[in-house]
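The lines below spell out each chain.
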Amino acid sequence: MSAKPVPVVEAIDVKKTYMLGKVPVEALRGVNLTVQSGDFVSILGPSGSGKSTMLNLIGALDKPSSGTLLIDGVDISKQNDNQLAELRKKIGFVFQFFNLIPRLTALGNVELSMAIAEVNRTERRKRAIELLEMVGLKDRINHKPAELSGGQQQRVAIARALANRPKFLLLDEPTGNIDSRTAGEVMGLLKDLNVKNGVSIIMVTHDQHLAREAQQTLQMFDGEIVAQVVNQE
Ligand SMILES: Nc1ncnc2c1ncn2[C@@H]1O[C@H](COP(=O)(O)OP(=O)(O)OP(=O)(O)O)[C@@H](O)[C@H]1O
Ligand SMILES: [Mg+2]
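Figured I'd write up the structure that's included with this text. (Residues numbered from 1 in each chain as written. Chains lettered and ligands numbered in written order. Predicted model: local features only at pLDDT ≥ 70, side-chain atom pairs only at ≥ 80, totals over all residues.)

**As for the overall build of the protein**
Across its full length, the protein carries seven helices and ten strands. Over its C-alpha trace the protein gives a radius of gyration of 18 Å, about what one expects of a compact globule, namely 17 Å for 233 residues. C-alpha extents for the protein along the principal axes are approximately 50 × 40 × 40 Å. Looking at the protein as a whole, 38% of its 233 residues are labelled buried. For the protein, the share of sequence-separated contacts (at least 6 apart) that also reach a separation of at least 24 residues comes to 69%. (Helix = DSSP H or I, 4+ residues; strand = E, 2+ residues; numbered from the N terminus. Rg over C-alpha atoms; globule rule 2.2 N^0.38 Å. Buried ≥ 20, exposed ≤ 12 C-beta atoms within 10 Å, placed from the backbone. Contact = placed C-beta atoms within 7 Å.)

This is the structure in structure tokens:
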């Protein structure tokens, strides 16, 4: 995939202050960031450094207190709730606890997100199978989540997140709930999706080793990005 990179996320002096009663908590103190299409960015930082706050903003789940945040070129501060919901359809979310529907098979889980987006039945079956093949689960499509390993469940969640061709994948501690070997496999899949399929990825983790597998790592500390490191191959 060699399409010309375009910015998918642009943050300019983004601040986020939560009010805890009357006490302001400065969770983000002026973040500047550009993520281009085709990038694979990991966000690393200690507990409380603002990673989830940052992710919520990039996912259009919340708005900055000040500064400018463009998601796919759209200034999220100027959007109402409905417009934010539209914007979120362009983003593929993957969480720590897979969030799969227990009574649906792998295929059913991937199809469901397309049903919500009103893709017709034939098309969504075809694409769900393609996606499950892409994440290496061709022979597990009829398994329910409880019949899959942790790593396999996370692969289903990744296939589901890709179903509606999002502008980027946003992952919050995607390997926080699986053992380290399986985590390595999921990371390998993400790298493949990035390199071979051109999927743009933003991943929060507090695992240094996994973070270094991404093209670049943003190091957060106390509400700021204190370093931006391009990782060696
Ligand atoms: N809703 C909230 N109200 C008040 N303060 C909050 C709220 N959410 C987060 N904070 C504070 O903002 C700071 C950043 O929190 P955040 O959840 O972004 O950290 P994090 O880097 O994701 O940490 P962790 O690795 O533990 O998940 C913390 O000091 C936290 O206590
Ligand atoms: Mg967090």
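**Focus: the sheet that holds strand 9 (residues 216–221)**
With mixed pairing, six strands are arranged side by side in an open sheet as 6-7-8-3-9-10. Across the chains shown, the open sheet's two edge strands, defined by having one partner strand only, are strand 6 (91–94) and strand 10 (224–230). Each neighbouring strand pair of the sheet contributes to a mean axis angle of 20 degrees, computed without reference to strand direction. Alignment of strand 6 against strand 7 (residues 168–172), held across four bridges, turns out to be parallel. (Pairing = 2+ DSSP bridges. Axes fitted to C-alpha atoms, helices over the stretch in contact; angles between N-to-C directions.)

**Looking at the site of ligand 1**
In the vicinity of ligand 1 there are 13 residues, among which Tyr 18, Ala 27, Ser 47, Ser 52 and Thr 53 approach most closely. Listing elements by their share of the shell around ligand 1, those giving two or more residues are strand 1 (7–20), strand 2 (23–36) and helix 1 (51–58). Top element by residues in the shell around ligand 1 is helix 1. It accounts for three residues. Of the residues contributing to the shell around ligand 1, the split by class is four nonpolar, eight polar and one charged. (Near = placed C-beta within 6 Å. Nonpolar A, V, L, I, M, F, W, Y, C, P; charged D, E, K, R; others polar.)

**Some remarks on the sheet that holds strand 4 (residues 66–71)**
Ordered by their spatial adjacency, four strands build an open sheet running 2-1-4-5, and the pairing between neighbours is antiparallel. At either end of the open sheet lies a strand with only one pairing partner, and these are strand 2 and strand 5 (74–75).

**A short note on the packing of helix 3 (residues 106–116) against helix 4 (residues 121–134)**
Between helix 3 and helix 4, the shortest axis-to-axis distance is 9 Å and the interhelical angle comes to 125 degrees. As judged from the angle between their axes, helix 3 and helix 4 are oblique. At the point where helix 3 passes helix 4, the crossing takes the right-handed sense. Taking contact as the criterion, the partners of Ala 106, Leu 107, Val 110, Glu 111, Met 114 and Ala 115 in helix 3 are, on helix 4, Arg 124, Arg 125, Arg 127, Ala 128, Leu 131 and Leu 132. Tallied by class, the residues present in the contact of helix 3 with helix 4 amount to eight nonpolar, no polar and four charged. (Parallel < 35°, antiparallel > 145°, perpendicular 65-115°, else oblique. Left-handed = near helix turned anticlockwise from the far one by under 90°.)

**Focus on the nonpolar core**
Ile 43, Val 110, Leu 132, Ala 159, Ile 201 and Ile 202 are the most contacted members of the largest nonpolar core, which has 61 residues in total. Ranked by the residues each element gives to this core, the list is headed by helix 5 (residues 150–162), at six residues. (Core = buried A, V, L, I, M, F, W, Y, C linked by C-beta atoms within 7 Å.)

**Points about helix 4**
With 14 residues, helix 4 extends 20 Å from end C-alpha to end C-alpha; this agrees with the ideal 20 Å at 1.5 Å per step. Looking only at helix 4, the buried set comprises Arg 124, Ala 128, Leu 131 and Leu 132. The arc enclosing the buried residues of helix 4, seen along the axis, measures out at 95 degrees, which places them on a common side. Exposed residues lying more than 90 degrees from the buried face of helix 4 are Thr 122, Glu 123 and Lys 126. At its buried positions, helix 4 is contacted by helix 3 and helix 5. (Expected span 1.5 Å × (residues − 1). Arc of directions from axis to C-beta.)

Interpretation in functional terms is not warranted from these geometric data alone.
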